[in-house]
Amino acid sequence: MSQSVARNGATDLDKSTIDYAAIADPGHGNSVAGWTGVIIMLVGVTIGCVGFTIHTATITYVGVGVVALGLIVGLILRAVGLGNKPKNK
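Residues numbered from 1 in each chain as written. Predicted model: local features only at pLDDT ≥ 70, side-chain atom pairs only at ≥ 80, totals over all residues. Heavy atoms only, no water.

Focus: helix α2 (residues 32-53)
(1) Moving on: With 22 residues, α2 should reach 32 Å at 1.5 Å per residue; the first-to-last C-alpha distance of 32 Å fits that figure.
(2) Moving on: For α2, the full list of buried residues reads Ala 33, Gly 37, Gly 44, Gly 48 and Gly 51. Looking straight down α2, one finds its buried side chains confined to an arc of 60°; they lie on one side. Exposed residues lying more than 90 degrees from the buried face of α2 are Trp 35, Leu 42 and Thr 53.
(3) Moving on: At its buried positions, α2 is contacted by α3 (57-82).
(4) Moving on: Of the residues flanking the end of α2, it is His 55, one or two places downstream, whose phi is positive at about 60°. (Helix = DSSP H or I, 4+ residues; strand = E, 2+ residues; numbered from the N terminus. Expected span 1.5 Å × (residues − 1). Buried < 20%, exposed > 50% of the residue type's maximum accessible area, 1.4 Å probe, protein only. Arc of directions from axis to C-beta. Contact = heavy atoms within 4.5 Å.)

Below you can see the structure in the form of structure tokens.
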């Protein structure tokens, strides 16, 4: 059982071929517009789930409306300049 086993996996990564400038800032929506929109949408989903659970259509639709409001607020904040900056390629 102490025999060495040859690996047939991938070869070592040649780090000289990695473009570190391209991957330095992936920009995963970490902006005021992104966070604000998502938090408002999470509140809307929570309201909608509560309304769905207690079988109240009005509360469920209010939750759907809050989710739509979150999308609109996020887009407005992005248009004002609080979103991620576009990358120059």
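Regarding unusual backbone geometry
(1) Moving on: Positive phi outside glycine occurs at His 55, with the angle close to 60°.
(2) Moving on: One can find His 55 in the loop between α2 and α3.

Section: the UniProt feature "transmembrane region" (unreviewed entry) in the chain
(1) Moving on: The feature "transmembrane region" (unreviewed entry), as given by UniProt, occupies residues 32-54 and 60-80 in the numbering adopted here.
(2) Moving on: From the first C-alpha to the last, residues 32-54 spans 33 Å; its make-up is 96% helix and 0% strand.
(3) Moving on: Between the end C-alpha atoms of residues 60-80 there is a gap of 31 Å, over a span that is 100% helix and 0% strand. (UniProt positions renumbered as here; feature names shortened; annotations may be inferred.)

Here we look at a nonpolar patch on the surface
(1) Moving on: A contiguous nonpolar surface patch, about 450 Å² in accessible area, is contributed by Val 32, Ile 72, Ile 76, Val 80 and Leu 82.
(2) Moving on: Sorting elements by how many residues they give to the nonpolar patch places α3 first, with 4 residues.
(3) Moving on: In this structure, Leu 82 sits in helix α3. (Patch = residues over 30% accessible without salt bridge, like charges linked within 9 Å, V, L, I, M, F, W, Y side chains within 5 Å. Areas by Shrake-Rupley, 256 points an atom, 1.4 Å probe, with all protein chains shown as cover. Salt bridge = Lys/Arg side-chain N within 4 Å of Asp/Glu carboxyl O.)

Structural notes on the packing of α2 against α3
(1) Moving on: Packing of α2 against α3 brings their axes to within 7 Å, and their N-to-C directions diverge by 175°. Classed by the angle they form, the pair α2 and α3 counts as roughly antiparallel.
(2) Moving on: Grouping the amino acids of the contact of α2 with α3 by side-chain chemistry returns 17 nonpolar, 9 polar and 1 charged. (Axes fitted to C-alpha atoms, helices over the stretch in contact; angles between N-to-C directions. Parallel < 35°, antiparallel > 145°, perpendicular 65-115°, else oblique. Nonpolar A, V, L, I, M, F, W, Y, C, P; charged D, E, K, R; others polar.)

As for the environment of Phe 52
(1) Moving on: Positionally, Phe 52 belongs in helix α2.
(2) Moving on: Under the relative-accessibility criterion, Phe 52 is labelled exposed at 64%.

A closer look at the side chain of Thr 60
(1) Moving on: Within the secondary structure, Thr 60 is located in helix α3.
(2) Moving on: Sequence-distant contacts of Thr 60, that is, excluding residues within four places in its chain, are made with Gly 48, Gly 51 and Phe 52.

Here we look at α3
(1) Moving on: Its 26 residues give α3 an end-to-end C-alpha distance of 35 Å, which sits within 8% of 38 Å, the value for a rise of 1.5 Å per residue.
(2) Moving on: Where α3 is buried, its residues contact α2.

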